[in-house]
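Chains, contacts and geometry: an overview
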Amino acid sequence: MRSSEHTLLFAASIALAVGVASSASRADAPPLPSASAAAPPAASGSAAKPAGSEEAPRPKRPERDANTCFTCHLSLPDAKLRKAAEEFSHSVHKDERIGCVACHKGNASDPTVQAHDKTTGFIVRPTHAQVAALCGGCHEDPTFVRRFNARLGVDQRKLFELSRHGKMAAAGDAASPTCTNCHGVHGILAVSSPNAEVNRRRVRDLCAKCHGNVETMKPYGLAATQPVAWSKSVHGKAFHEGSEQAPTCTGCHSPHAGTLPGTASVAALCDRCHQDERELFLKSPHSRAFRKLGLADCVPCHGDHDVTRTSWLAGMTPDSACAKCHSKDDKPKKVAEDIAVLLEDVQKAEHAAAVDLAEAKTAGLLVPDASFAVDRLRTAKIRLITTVHTLDMQQLGDDANAAKMIAQEARDLLTKARRDRQVERRGYFVAIGLASLLLTLLVAKSIQLARRRRRGES
Ligand code: HEC
Ligand code: HEC
Ligand code: HEC
Ligand code: HEC
Ligand code: HEC
Ligand code: HEC
Ligand code: HEC
Ligand code: HEC
Ligand code: HEC
């Protein structure tokens, strides 16, 4: 027992040492050769490039100095006039093939202020309503966009123009966002950039600029509660804890379609991540009843932005979901109460088993089997919770019994482990007893021998 532990410890420290050594050598390793080749192209104007770096196979560029707007504006003393060019040089649009003229028109090959000549259609400041068409001019052209980024979608303008955001912005409503409200103007960054406001980690704050503002939302009759409600929800909490799966605003609302999911598509929306619940819900009497009443599939019980932990939903307490609709119906009332009892029983059994297991582990018992049983119990509990969506008491009863049997198994395993430990201890004491008896006998014998020897000597 002891010696095997030592062997294990020794093996583990060797493994650790080897691990540390190999990770250290990895840190010392030179960067992959592709890292420098994949570096983004230098901004127009500053044509410096790391020596020896391979040019990625891209189509032939136009003359570097063709975009004289950029070159001149970058050198202007007036910070306000310079800012656009400075931001542009750090943006995803910095490639010289995406020039200033795409939005401002003008003559990009004239190096003087004549470049602004009105006869070229020069636009000083594109208006709020004009923006979508300017951005869309490039972004809906697949052959152009894919020369730069083969994976970029080309549907943003179309979706946006169908959305309420898009319709209101086109009608001249400056409080409704257009492309530049969300992406910025000259300093547009890739969605994957952590500094982009549209980045998944930051998009909640972007939407909240308007949707968390009561004054902005009042004229539209919309509440400004969604950002706070979401942050407190099970989704928001999981998101703030770093979950990559939990939906933020754009996990449920396409930023370009920007419309309400609508009754019919809410289910499809939750379904993206909660398929099992949906499949079972479709088998329940609620599925047809909700559709007839024009209710969304999941929202009447779980809410939309304020989806919380679910342990209070079943049952007939005043704040349960069932009580919202079934205060008078006999059968659903009984089903609701029965479900609540089953859930509570299994939850209690799981809690007790987990506590029992923790105590056994603290006491130094080795209980891998019981540990595995408690894991299986947790899975069985989740299965039961998921089955709630069928409202099928037969199935629920079976699932609850299966869970309770696993709970019993865990209990039995832990009891056995404790008993084994006692037997082991008892054996230990008996062994010590025997050993001391032997020792006493030995000592007695040696004394006797010594006496005999002395007697023989004298
Ligand atoms: C020779 C330098 C130079 C070139 C080339 C140049 N600009 Fe300008 N631009 C200026 C100066 C200086 C001003 C401010 C005075 C004025 O409006 O003429 C200005 C003003 C502007 C403004 C208006 C800013 C405001 O707040 O009113 C815009 C927009 C602009 N330029 C865009 C462009 C575009 C697009 C091009 C290329 C087609 C371009 N510029 C080419 C120097 C230049
Ligand atoms: C994708 C479209 C787009 C591109 C490309 C673009 N601009 Fe603009 N620019 C705009 C819009 C929209 C505005 C108006 C912003 C506003 O009203 O806040 C603007 C405003 C400006 C202004 C006035 C800024 C101010 O604060 O008064 C200047 C100067 C300017 N742009 C210069 C440039 C230069 C130089 C380039 C190229 C390096 C360029 N723009 C590229 C869309 C664009
Ligand atoms: C309400 C805010 C908002 C508006 C308005 C908006 N976008 Fe976006 N856009 C986003 C967000 C958020 C993302 C990131 C999407 C994601 O995480 O999947 C995005 C992504 C993109 C992308 C990256 C590719 C993609 O589709 O995911 C492009 C290109 C883009 N937008 C262009 C546009 C254009 C062009 C317009 C105007 C016609 C526009 N956007 C209007 C918020 C907005
Ligand atoms: C002259 C054409 C052109 C115009 C105008 C233009 N874009 Fe782009 N945009 C591109 C190209 C090309 C890319 C891909 C660049 C790349 O990945 O190297 C791009 C990339 C983007 C991206 C980054 C997508 C990602 O996550 O990789 C966003 C966001 C974006 N554009 C938004 C806009 C918005 C908003 C406007 C209007 C204000 C706009 N663009 C105007 C051509 C244009
Ligand atoms: C610049 C302010 C602004 C920003 C930023 C903004 N919105 Fe909106 N949004 C509005 C306004 C105003 C309305 C109501 C009128 C309209 O639809 O334009 C609205 C309406 C909506 C609606 C309801 C549409 C309907 O059909 O009733 C949804 C959903 C929505 N926004 C989602 C979002 C999401 C998600 C984001 C962030 C990616 C976002 N919005 C960013 C201003 C904004
Ligand atoms: C879990 C999915 C989900 C998430 C995450 C989500 N929404 Fe919603 N949102 C919905 C549903 C469902 C509706 C209501 C649809 C209906 O009733 O037809 C809705 C409705 C809205 C509306 C219309 C007004 C209202 O309250 O009914 C706005 C505005 C809105 N959401 C903005 C946001 C913003 C901003 C965020 C991020 C803070 C966000 N949503 C996150 C699912 C979601
Ligand atoms: C993009 C994926 C995604 C979408 C869309 C989504 N969810 Fe979730 N949901 C999650 C994740 C991830 C969790 C787990 C959070 C955690 O780990 O605690 C979760 C948790 C939940 C929980 C709590 C589960 C528990 O353990 O108590 C409920 C209830 C829930 N979601 C309902 C909904 C509803 C209703 C919708 C549609 C309006 C929806 N979800 C849309 C990903 C999603
Ligand atoms: C009739 C009310 C009702 C409807 C409708 C409903 N649910 Fe539930 N949901 C519940 C109850 C009750 C629970 C379990 C409560 C508990 O844990 O004590 C639950 C639990 C959940 C859980 C947590 C499961 C887990 O593993 O912890 C998720 C996720 C969920 N529901 C998603 C959905 C989705 C998605 C829909 C739409 C297809 C939906 N629900 C429709 C009442 C409902
Ligand atoms: C949004 C309202 C709503 C909520 C919330 C709701 N139900 Fe229902 N439920 C209905 C409707 C409507 C019917 C169909 C009634 C009918 O057919 O007479 C129904 C039917 C049922 C039935 C079938 C009754 C039968 O006669 O076969 C049961 C069982 C049931 N609900 C249980 C529950 C439970 C348990 C909950 C909570 C977890 C719940 N309901 C939450 C609206 C609701």
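Described in the following lines is the structure provided in the data block. All values reported here derive from a predicted model rather than from experimental measurement. (Residues numbered from 1 in each chain as written. Chains lettered and ligands numbered in written order. Predicted model: local features only at pLDDT ≥ 70, side-chain atom pairs only at ≥ 80, totals over all residues.)

1. Topic: the overall build of the chain
- Along its length, the chain carries 23 helices and 0 strands.
- Taking all 458 residues of the chain together, the buried fraction comes to 21%.
- Of all intrachain contacts in the chain linking residues separated by at least 6 positions in sequence, the fraction that spans at least 24 positions is 56%. (Helix = DSSP H or I, 4+ residues; strand = E, 2+ residues; numbered from the N terminus. Buried ≥ 20, exposed ≤ 12 C-beta atoms within 10 Å, placed from the backbone. Contact = placed C-beta atoms within 7 Å.)

2. Side note on the packing of helix α22 (residues 368-387) against helix α23 (residues 393-457)
- Contact geometry of α22 with α23 gives a least axis separation of 9 Å together with a crossing angle of 165°. Relative to α23, the element α22 is oriented roughly antiparallel. Crossing hand, α22 versus α23: left-handed.
- Grouping the constituent residues of the contact of α22 with α23 by class yields 16 nonpolar, 2 polar and 6 charged. (Axes fitted to C-alpha atoms, helices over the stretch in contact; angles between N-to-C directions. Parallel < 35°, antiparallel > 145°, perpendicular 65-115°, else oblique. Left-handed = near helix turned anticlockwise from the far one by under 90°. Nonpolar A, V, L, I, M, F, W, Y, C, P; charged D, E, K, R; others polar.)

3. Quick word on the environment of Lys324
- Tracing the chain through its elements places Lys324 in helix α20 (residues 321-325).
- Put simply, Lys324 and Pro300 are 24 residues apart on the chain and 8.9 Å apart in space, counted from C-alpha to C-alpha.

4. Details of the nonpolar core
- Core analysis: the biggest nonpolar cluster contains 29 residues, and Ile339, Leu343, Ala370, Leu377, Leu384, Ala403 and Ala410 have the highest contact counts within it.
- When residues of this core are traced back to their parent elements, those giving at least two are α21 (330-362), α22 and α23.
- A total of 10 residues in this core trace back to one element, the largest contributor, which is α21.
- Apart from residues no more than four positions distant in its own chain, Ala403 is found in contact with Val346, Ala349, Leu377, Ala380, Lys381 and Leu384. (Core = buried A, V, L, I, M, F, W, Y, C linked by C-beta atoms within 7 Å.)

5. Observations regarding helix α6 (residues 131-139)
- Looking at α6, one finds that the buried residues are Ala132, Leu134, Cys135 and His139. Viewed along the axis of α6, the buried residues span an arc of 165°, placing them on a single side of the element.
- Against the buried residues of α6 lie α5 (101-104), α7 (142-148), α8 (156-162), α9 (164-170) and α10 (179-183). (Arc of directions from axis to C-beta.)

6. Overview of the packing of α21 against α22
- At their nearest, the axes of α21 and α22 sit 10 Å apart, and the two run at 160° to each other. In terms of axis orientation, α21 runs roughly antiparallel to α22. For the crossing formed where α21 meets α22, the hand is left-handed. Residues Leu342, Leu343, Val346, Gln347, Glu350, Ala353, Ala354, Leu357 and Ala360 of α21 form the contact with α22, whose own contacting residues are Ala370, Ser371, Val374, Leu377, Arg378, Lys381, Leu384 and Ile385.
- A breakdown of the residues in the contact of α21 with α22 according to their chemical character gives 12 nonpolar, 2 polar and 3 charged.

7. Remarks on unusual backbone geometry
- Not every positive phi belongs to a glycine, and Lys105 is a case in point at roughly 60°.
- Tracing the chain through its elements places Lys105 in the loop between α5 and α6.
- Despite not being glycine, Leu391 has its phi angle at roughly 60°, a positive value.
- Position of Leu391 among the secondary structure elements: in the loop between α22 and α23.

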